[in-house]
Amino acid sequence: MPHAGAEEALVVERGVEGLVAVPFQVRNASDRPLTCAAAIAHWYSADIGTVAPGQRLDARLWSKPATGEVFLLNPQQDRMPIQSLWCGYAGADVSTRSVIGLQRRAGAGEPAINLTCDAEKGAPALECQRAAE
């Protein structure tokens, strides 16, 4: 049982000090709009952006090389740790998603993410592939 006078303090890290930018680019080669999002907690996701057919989404994630963590920043610059990342068809992005793997290696920043997303004709789910490095 907690002590009556004890308080629990939640420390929220903010800003980009100690972080490196991770370019996030998605080229939509499909014939439908795409939405990309990140799971921030098992019950919450945050949109990264939507991209029309034939267009490209440019966004930025952040990596903490010391730990390998990858973050989205909200408007208050709170660091929101990414648990998983995906792109899928707008309006059904979870059920049609293509999961995007993150390296998350302590001692190294997350490399840039440059994707092309498409689906074979009639396929229910999207397929996103990283560009060759």
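Up top is the structure these notes are about.
The notes below deal with the structure included here.

How each quantity is defined
- Residues numbered from 1 in each chain as written.
- Predicted model: local features only at pLDDT ≥ 70, side-chain atom pairs only at ≥ 80, totals over all residues.
- Heavy atoms only, no water.
- Salt bridge = Lys/Arg side-chain N within 4 Å of Asp/Glu carboxyl O.
- Helix = DSSP H or I, 4+ residues; strand = E, 2+ residues; numbered from the N terminus.
- Buried < 20%, exposed > 50% of the residue type's maximum accessible area, 1.4 Å probe, protein only.
- Core = buried A, V, L, I, M, F, W, Y, C linked by side-chain atoms within 4.5 Å.
- Contact = heavy atoms within 4.5 Å.
- Phe/Tyr/Trp six-rings, centres within 6.5 Å; stacked < 30°, edge-to-face > 60°.
- Lys NZ or Arg CZ within 6 Å of the ring centre and 35° of its normal.
- Disulfide = S-S within 2.5 Å.

### A few points about the pattern of salt bridges
Now for step 1: One pass over the structure, following the stated rule, counts 4 salt bridges.
Now for step 2: Among the ionic pairs, K64 bridges to E13, the shortest N-O distance being 3.7 Å. Here K64 is found in strand β4 (residues 56-64), whereas its partner E13 is found in the segment before β1 (20-28), with 51 residues between them in sequence.
Now for step 3: Its relative accessible area of 40% is what places E13 among the partly exposed residues.
Now for step 4: For R56, the salt bridge is made with D58, and the minimal N-O distance between the two is 3.1 Å.
Now for step 5: You can call R56 partly exposed: its relative accessible area is 48%.
Now for step 6: Salt bridges linked by common partners bring E13, K64 and R79 together as one network.

### A word on the nonpolar core
Now for step 1: In this structure, F24, L61, L72, I82, L85, C87 and I113 are the most contacted members of the largest nonpolar core, which totals 26 residues.
Now for step 2: The set of elements that each furnish at least two residues to this core consists of β1, β2 (34-41), β3 (44-51), β4, β5 (69-73), β7 (84-89) and β9 (113-118).
Now for step 3: Examining the composition of this core, we find that 4 residues originate from one element, β2, more than from any other.
Now for step 4: When neighbours within four sequence positions are excluded, C87 is seen to be in contact with F24, V26, T35, C36, T96, R97, S98, I100, C117, L126 and C128.

### Quick word on the packing of aromatic side chains
Now for step 1: Under the criterion given, the structure shown has 0 aromatic pairs.
Now for step 2: Of note, R79 hangs over the ring of F71, and the distance from its end group to the ring centre comes to 5.9 Å.
Now for step 3: Seen from the ring of W86, R97 lies directly overhead, with NZ or CZ sitting 5.6 Å from the centre.

### As for the state of the cysteines
Every disulfide links exactly two cysteines, by a covalent bond between their sulfur atoms.
Now for step 1: Inspection of every chain in the model, using the stated rule, returns 2 disulfides.
Now for step 2: Paired by a disulfide, C36 and C87 hold their sulfur atoms 2.0 Å apart. Its S-S torsion of approximately 105 degrees makes the covalent link between C36 and C87 right-handed. With C36 in strand β2 and C87 in strand β7, the pair connects residues that are 51 residues apart, well separated along the chain.
Now for step 3: Judged by its relative accessible area of 0%, C36 falls in the buried class.
Now for step 4: Relative accessible area serves as the criterion here: at 0%, C87 is assigned to the buried category.
Now for step 5: In this model C117 forms its disulfide with C128; the gap between the sulfur atoms is 2.0 Å. Taking the torsion about the S-S bond as the criterion, the C117 to C128 disulfide, at about 110 degrees, is right-handed. Separated by 11 residues along the polypeptide, C117 in strand β9 and C128 in strand β10 (residues 127-130) bring together distant segments of the chain. Each of the two residues, C117 as well as C128, counts as buried.
Now for step 6: Numbered in order of appearance, the disulfide-bonded cysteines of the protein are paired 1-2, 3-4.

All we've got here are geometric facts, nothing functional implied.
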